[in-house]
Amino acid sequence: MAKKIAVLGSINVDTTYHVQRFPMPGETISAGSKSSAPGGKGANQAVAAARSGAKTWFIGMVGADNEGKFMREALQEDHVDTKLIGIDELHGTGTALITLDAEGQNDIMVYGGANQAMTTEVLKNADAVFEEIDFLISQFETPQAVTAEAFKQAKEHGVTTILNPAPAHEILPELLQYTDVVIPNDSESFVLTGIKITDEDSMLKSAEWFKQQGAKNLLITLGSKGVFYCTPHGHGMVPAFKVKAVDTTAAGDTFIGALASQLDNDLSNVADALVYAQRASSLTVQKMGAMPSIPTGEEVKAALAE
Ligand SMILES: Nc1ncnc2c1ncn2[C@@H]1O[C@H](COP(=O)(O)OP(=O)(O)OP(=O)(O)O)[C@@H](O)[C@H]1O
């Protein structure tokens, strides 16, 4: 049975200017070309879940602008239900302006816009969706107070909540009380707990810290090293697939969406789901770009069968 997943989070249009070199302060230079692509951690995670076969809803905000229309259409193309995306009349759709130089270095400016201005108003019709779903996923690119309220409501419907605390930020204390599974990378885990991730002992101590705050399940992603998991069923490491990475953008987002598409609510199959999710991410890192590099379930299964 396909999993049912809602993602509450950010929607951004990523616009990249390709330049020979970065401009100096006060200088105007010409860009050789410009391209726009759908992005934002929330949108990427929703697309990763949908491409892996989950029935997926998105909860978020866009502006009353062309970027908002572009993003809604991009999500719909991947069969993500967009009826819970609200329109903010005062703020524009979130955008990331990326300058990429001839050496492949980038400079990024993010305008949070409608993502940052989100209020609990976005949840006003969410109850019917919370009644249907297995998982609700959120990140830190939209206000934590809205995520805390959404997690609280979703848990009243028996939903398993997954928090990806990225980008790293101080956490609202009550948020972890409503979080079932927390998935940071090693540096995000350090920002939240103050425990530096160096070995298994430090990861077990971090898991204990999260458990005391209310989150019983911890998964720490460790890039090319793999993932550490600690749940009431046990703990361990699942190594990453060895591949030649060309661009790791959206590796974490692919991992989270793909994982939720395979995970049982009680996390009893976490080790198997981690193999699937990491195979999915290993395909993402072998392609350039964010959303376009996220694989479909068929692609992941074919790679697993190799
Ligand atoms: N170089 C790599 N080779 C193979 N797999 C990788 C590589 N980088 C990432 N992955 C896979 O993706 C998963 C998530 O990556 P990572 O821990 O870097 O998350 P992240 O820091 O949230 O990523 P990002 O912010 O770049 O999207 C890893 O656990 C691993 O399975």
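Residues numbered from 1 in each chain as written. Predicted model: local features only at pLDDT ≥ 70, side-chain atom pairs only at ≥ 80, totals over all residues. Heavy atoms only, no water.

- As recorded by an unreviewed UniProt entry, the chain carries the name Ribokinase and is attributed to Limosilactobacillus allomucosae.
- As recorded by UniProt, the Pathway (unreviewed entry) comment attached to the chain reads in full: "Carbohydrate metabolism; D-ribose degradation; D-ribose 5-phosphate from beta-D-ribopyranose: step 2/2."
- Regarding the chain, the relevant UniProt record gives this comment under Subcellular location (unreviewed entry): "Cytoplasm". (UniProt positions renumbered as here; feature names shortened; annotations may be inferred.)

1. Looking at the packing of aromatic side chains
Thinking step 1. Under the defined criterion, the tally for this structure stands at one aromatic pair.
Thinking step 2. When the centroid spacing of 5.0 Å and the interplanar angle of 90° are considered together, the rings of W209 and F210 count as edge-to-face.
Thinking step 3. Take W209: its relative accessible area is 22%, and that puts it in the partly exposed class.
Thinking step 4. Over the face of the ring belonging to F190 we find K196, whose NZ or CZ atom lies 5.8 Å from the ring centre. (Phe/Tyr/Trp six-rings, centres within 6.5 Å; stacked < 30°, edge-to-face > 60°. Buried < 20%, exposed > 50% of the residue type's maximum accessible area, 1.4 Å probe, protein only. Lys NZ or Arg CZ within 6 Å of the ring centre and 35° of its normal.)

2. Description of the nonpolar core
Thinking step 1. The biggest cluster of nonpolar side chains holds 44 residues, and the ones touching the most others in it are L219, L259 and L274.
Thinking step 2. Residue contributions to this core peak at seven residues, all from helix α9 (residues 270–284).
Thinking step 3. For L219, the residues in contact, after removing those within four places along its chain, are V181, V182, I183, P184, V227, F228, Y229, L259, V270 and L274.
Thinking step 4. Membership of the second largest hydrophobic core comes to 38 residues, among which are W57, A148, V159 and L163. (Core = buried A, V, L, I, M, F, W, Y, C linked by side-chain atoms within 4.5 Å. Helix = DSSP H or I, 4+ residues; strand = E, 2+ residues; numbered from the N terminus. Contact = heavy atoms within 4.5 Å.)

3. Focus on helix α7 (residues 200–213)
Thinking step 1. With 14 residues, α7 should reach 20 Å at 1.5 Å per residue; the first-to-last C-alpha distance of 20 Å fits that figure.
Thinking step 2. Those residues of α7 that fall on the buried side of the exposure criterion are S202, M203, S206, A207 and F210. When α7 is viewed along its axis, its buried side chains cluster within an angular range of 145° and face the same direction.
Thinking step 3. After α7 finishes, the residue G214 shows a positive phi value of roughly 120°. (Expected span 1.5 Å × (residues − 1). Arc of directions from axis to C-beta.)

4. Some words on the packing of helix α1 (residues 41–51) against helix α8 (residues 251–262)
Thinking step 1. Close contact between α1 and α8 brings their axes to 7 Å; oriented N to C, the two are set at 40°. As the angle between them shows, α1 and α8 are arranged oblique. You can see that α1 and α8 cross each other, and the crossing is right-handed. Contact with α1, carried on its side by K41, N44, Q45, A48 and A49, involves D253, T254, I256, G257, A258 and S261 of α8 and no other residues of that element. (Axes fitted to C-alpha atoms, helices over the stretch in contact; angles between N-to-C directions. Parallel < 35°, antiparallel > 145°, perpendicular 65-115°, else oblique. Left-handed = near helix turned anticlockwise from the far one by under 90°.)

5. Observations regarding the sheet that holds strand β7 (residues 106–111)
Thinking step 1. An order of β3-β2-β6-β7 is seen for the four strands of this open sheet, with the pairing classed as mixed. Two strands in the sheet have a free side with no partner beyond their single neighbour: β3 (33–39) and β7. Pairwise comparison of adjacent strand axes, ignoring direction, gives a mean angle of 20° for this sheet.
Thinking step 2. In terms of strand pairing, strand β2 (residues 12–18) meets β3 through seven bridges, oriented antiparallel. Opposite T15, over in β3, you have S36 as the bridge partner.
Thinking step 3. Packed on one face of the sheet, helix α2 (residues 66–77) meets β2, β3 and β6 (94–100) and runs near 55° to β3. (Pairing = 2+ DSSP bridges.)

6. A short note on the sheet that holds strand β11 (residues 217–221)
Thinking step 1. With mixed pairing, the nine strands of this open sheet are ordered in space as β5-β4-β1-β8-β9-β10-β11-β12-β13. Edge strands, defined here as strands with exactly one partner in the open sheet, are β5 (80–88) and β13 (234–238).
Thinking step 2. Pairing of strand β8 (residues 135–138) with strand β9 (residues 160–163), which is carried by four bridges, proceeds in the parallel orientation. What sits directly across from F135, in β9, is T160.

7. Quick notes on the UniProt feature "binding site: K(+)" (unreviewed entry) in the chain
Thinking step 1. Annotation from UniProt places "binding site: K(+)" (unreviewed entry) at D247, T249, T284, K287, G289 and S293. Taken along the chain, the residues just named run across 47 residues; in space they keep tight, none of their C-alpha pairs more than 9.3 Å apart.
Thinking step 2. Among the structural elements, D247 can be located in the loop between β13 and α8.
Thinking step 3. What makes D247 buried here is its relative accessible area of 16%.
Thinking step 4. If sequence neighbours within four positions are ignored, D247 has contacts with T284, V285, K287, M288 and G289.

8. What to know about the environment of A31
Thinking step 1. With respect to the helices and strands, the residue A31 is situated in the loop between β2 and β3.
Thinking step 2. Separated by 55 residues in sequence, A31 and G86 have C-alpha atoms that sit 34 Å apart.

9. Points about the site of the ligand
Thinking step 1. If you check the shell around the ligand, you find 18 residues, and the closest are N185, T221, G223, G252 and Q278.
Thinking step 2. In this structure, an oxygen atom belonging to the ligand sits 2.8 Å away from a side-chain N or O atom of N185.
Thinking step 3. Measuring from an oxygen atom of the ligand, one finds a side-chain N or O atom of Q278 at 2.6 Å.
Thinking step 4. Out of a free accessible area of 620 Å², the ligand has 83% covered by protein chains.
Thinking step 5. Within the residue set of the shell around the ligand, elements represented by two or more residues are α8 and α9. (Near = heavy atom within 4 Å. Polar contact = N/O pair within 3.5 Å; in protein donor to acceptor, adjacent residues only side chain to side chain. Areas by Shrake-Rupley, 256 points an atom, 1.4 Å probe, with all protein chains shown as cover.)

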